[in-house]
Every structure is written in structure tokens, then in C-alpha cells.
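# Overview (structure and organization)
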Amino acid sequence: MPEAPRDSSGPGDPVGPVDAMSVPRFAGPSTFARLPRVDEVGHVDVAVVGVPFDGGVSYRPGARFGPAHVRASSKLLRPYNPALGVSPFAVQQVADAGDIAANPFDIGEAVRTIERAARDLGADGTRLLTIGGDHTIALPLLRAVAAVHGPVAVVHFDAHLDTWDTYFGEPYTHGTPFRRAAEEGLLDPERCLHVGIRGPLYTPDDLREDDVLGFQVVHSDDYQDATVASVVQRMRRRLGSGPVYVSVDIDVLDPAHAPGTGTPEAGGLTSRELLNTLRGLVGLDVVGADIVEVAPAYDHAEITGIAAAHVGYELLSVLARNRQDAPLVPDGTARSRE
Ligand SMILES: N=C(N)NCCCC(=O)O
Ligand SMILES: [Zn+2]
Ligand SMILES: [Zn+2]
């Protein structure tokens, strides 16, 4: 196929997505948001990378197919984000780095492979937006980020704490990455926060132990009792001014908004609440992010895939906004440029 026309203006400018007015969205390459591959551009500011690994799940399998599904569900994204007043593909070079090939039969080796690949991809300052895969992958991704930045704040969107200790004696699972990360000193215990927590736990100690590891909790129900703006204010106060890693387990959304996931829990966020909360990260030093636990076999009409693609788009928009000095409103969201 000849080189596809892309949304881009001149030589030296970032190469953008394939132009939807020249190549229909259902044709052309299967990269995130129809962006170029990393080997098609020179310098990359942000790489979108897939990790098709689900060897750490405790219930429904299938998140290994998440990267391909989210990419397929990202074809309708457009170049301009009016909510943040930014063109996320025009002010930074975003490109798709393909998938990290992790061993599906050996969790320890998979974790090492993911860490190595994430370190390589981020070696020249490239920031990573990673699409999982199950939540196990957050541990090697945090190792790679902490190797560059030191201990980071984590804002973790999830129905689940994921600070449990082991499953069947296994320390690396999708329910344990943040306990391992805290034990390894990858996290700043004064600046970590879960958002969207709900549902049954194993014992009351789960929350006490989570607290000792350095996490505060915004419960899903807090969105009922408070506004998104007040959640954003609390989140920004907690995350402070140092490096922030954002981990989004798609099951933070209510199963109505994200049925395609492995451990769904009733009573979750709407996609509107999640997208608006993510916009509240503008101005914070976001050094990396992941979107995990999309399991397409349980999805319908791409509901979950589209939600995950939009989460990725907002995260890329936050990174783009951070490159521009446009004014912010007091809760940290951007003033629209209309
Ligand atoms: N990270 C996700 N999605 N789920 C963790 C659930 C762990 C459990 O089965 O108790
Ligand atoms: Zn979860
Ligand atoms: Zn999780």
C-alpha cells in the first residue's frame, strides 16, 4: 500500500494519524489512533506500546487480546480535543511501538522481559502509554519508571486495591503489583492514591495493610457524594509536584461502561466521570501510564475498547497540554481555547 496521507502540516512537525478524509478509518494500518509506527518517525516523545500478557489473572482470562482490541477501537479518535483545548498528536510525536512479546508460560520471565523492553523504549526520555494485558504488568513498568525518576506517586484507577500479597503462593499476579512496588521502594508512600475502589474484600485488614503501604483511597461511592471537581482537587493535593505514574484498570468503570474485563464489580464510575478525572491531571508531571484489564471476549459493541481508547486519548492530551503553557482553572483542568 502506498504511504498513507496523514494529519500533519510541514517538514519537522510531528507526524500525525492517517487522514480520515483520505483513507477511510476501516482501512489502513492497525496502530493506536492510526498513528505512525515508531520506525516510521525519528524522535518519539510518547510511545504507545502493547503488552499482550494475561498470565497473572485470578478469574476470567483474555486480557492478552486487549492491545489489539483497544487499537481497533481507537480508529475514530479525532485530532483535536476540545475538552483540554489541545491537539495531542500535533504538539508531540506520538507513535505506536507494537507489542512486547512476554512469555505466556512463565510469569517471572514475562515480568523481566516487560521491564527490559520498557527501559529500552524509555531510554532516550520517551514516555510510555502502555496497553495491557492484565494488571501484573504495572510492576515491571513501575520498575522501569522508577529507574529513571526514583520513587514515583501512583494514581491508580481500579475497582480493586491490587495490594494483596500472593495468590496460590504466587507473588506476581494482577492482584499484587502495588504491594510488590511498595516493597521494592518504587513508590513515594506520601503521594499514592487509589480511585474507584469498591466491592467485597477478603478481610478488613486489606484496607489497613493498603494504608500502611502508602495509599489513600477515593472510593467509587465518593463520586456520588462529591463532585468530580472535588475528587480532582483531592487527587492533585495528594499527587503533589513530583513524578506521577497513572495506572488505569478499565474495571474502575461500572460493568455497564466496561463489560469486557476479567474481574468486573458493580457500582463503578461512568466513563464521563473517569475521563473528567483524568483531565484533572493537567499540569502534573505524568511520567508514564498504563491502561490494563481490557478482555475483549466479554466486550459488546466495542463498549470497553472505546472507553479504553478514550482513556488513552485523554492521557495523551494531558501530556500534550503539559508541553503548552496555557492557563489552567483552579482545579487543574485546562481552560478551553474556544
Ligand atoms: N487487578 C484486577 N483487575 N483484579 C484483581 C482481583 C484480584 C482478586 O481476584 O481478588
Ligand atoms: Zn481491577
Ligand atoms: Zn487492577
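Note that the structure is a prediction, hence the values are computed from the model and not measured.

To continue, consider the site of ligand 1. Within the structure, ligand 1 sits among S58, Y59, H135, H160, D162, H174, G175, D249, D251, T263 and E293. Of the residues assigned to the shell around ligand 1, the class counts are one nonpolar, six polar and four charged.

Two faces belong to every sheet, and in a regular strand the side chains alternate between them. The buried fraction of strand β1 (residues 46-51) amounts to six of the six residues, a majority that puts the element mostly inside the structure. Burial along β1 is two-sided: the face carrying V46, V48 and G50 and the face carrying A47, V49 and V51 are both buried. Of the pairings in the sheet, the one linking β1 to strand β2 (residues 94-99) comprises four bridges and is parallel in character. Across the sheet, residue V48 finds its bridge partner in β2, namely D96. Traced from β1 through helix α1 (residues 66-72) to β2, the parallel crossover comes out right-handed. Sheet topology note: the β1/strand β3 (residues 127-132) ladder contains six bridges and is parallel. Among the inter-strand pairings, V51 is bridged to a residue of β3, identified as G132.

With that settled, consider unusual backbone geometry. For the peptide bond that leads from G132 to G133, omega is 10 degrees, which places it in the cis range. By the secondary structure assignment, G133 is in the loop between β3 and α3 (138-149). In the Ramachandran plot, A301 falls in the positive-phi region, its phi being about 55 degrees despite a non-glycine side chain. Relative to the helices and strands, A301 is located in the loop between β8 (285-292) and α9 (303-321). You can call A301 exposed: it has 9 C-beta atoms within 10 Å.

Attention now moves to the nonpolar core. By size, the foremost hydrophobic cluster in this structure holds 96 residues, and its most contacted members are I114, V152 and V244. Ranked by the residues each element gives to this core, the list is headed by α9, at 11 residues.

A separate point is the UniProt feature "binding site: Mn(2+)" (unreviewed entry) in the protein chain. UniProt feature "binding site: Mn(2+)" (unreviewed entry): in the numbering of this structure it lies at H135, D158, H160, D162, D249 and D251. The largest pairwise C-alpha distance within this set of annotated residues, which runs over 117 residues, is 12.1 Å, so the set is compact in three dimensions. Mapping D162 onto the fold places it in the loop between β4 (153-157) and α4 (177-183). Those residues in contact with D162 that lie beyond four places of it in its chain are H135, G175, T176, P177 and F178. Within the secondary structure layout, D251 lies in the loop between β7 (243-249) and α8 (271-279). When near neighbours in sequence (up to four residues on either side) are disregarded, D251 contacts D158, A159, A258, T261, T263, P264, E265 and E293.

Turning to the pairing of strand β6 (residues 215-219), a few remarks are in order. Here strand β5 (residues 192-197) pairs with β6 via five bridges, running parallel. The partner of H194 across the bridge, within β6, is V217. What joins β5 to β6 is helix α5 (residues 205-212), and the crossover it makes is right-handed.

With that settled, consider the environment of N276. Tracing the chain through its elements places N276 in helix α8. Taking the C-alpha atoms as reference points, N276 and E314, separated by 38 residues in sequence, lie 8.8 Å from one another.

Moving on, we get to the sheet that holds β4. The parallel open sheet is built from eight strands, whose spatial order is β2-β1-β3-β8-β7-β4-β5-β6. One side of each edge strand has no neighbouring strand; the edge strands of this open sheet are β2 and β6. In this sheet, adjacent strand axes meet at a mean angle of 15 degrees when their direction is disregarded. Pairing geometry for β7 and β8, over seven bridges, is parallel.

Each value, and the rule that gives it
Residues numbered from 1 in each chain as written. Chains lettered and ligands numbered in written order. Predicted model: local features only at pLDDT ≥ 70, side-chain atom pairs only at ≥ 80, totals over all residues. Near = placed C-beta within 6 Å. Nonpolar A, V, L, I, M, F, W, Y, C, P; charged D, E, K, R; others polar. Buried ≥ 20, exposed ≤ 12 C-beta atoms within 10 Å, placed from the backbone. Helix = DSSP H or I, 4+ residues; strand = E, 2+ residues; numbered from the N terminus. Pairing = 2+ DSSP bridges. Right-handed = clockwise from strand over helix to strand, strands pointing away. Core = buried A, V, L, I, M, F, W, Y, C linked by C-beta atoms within 7 Å. UniProt positions renumbered as here; feature names shortened; annotations may be inferred. Contact = placed C-beta atoms within 7 Å. Axes fitted to C-alpha atoms, helices over the stretch in contact; angles between N-to-C directions.

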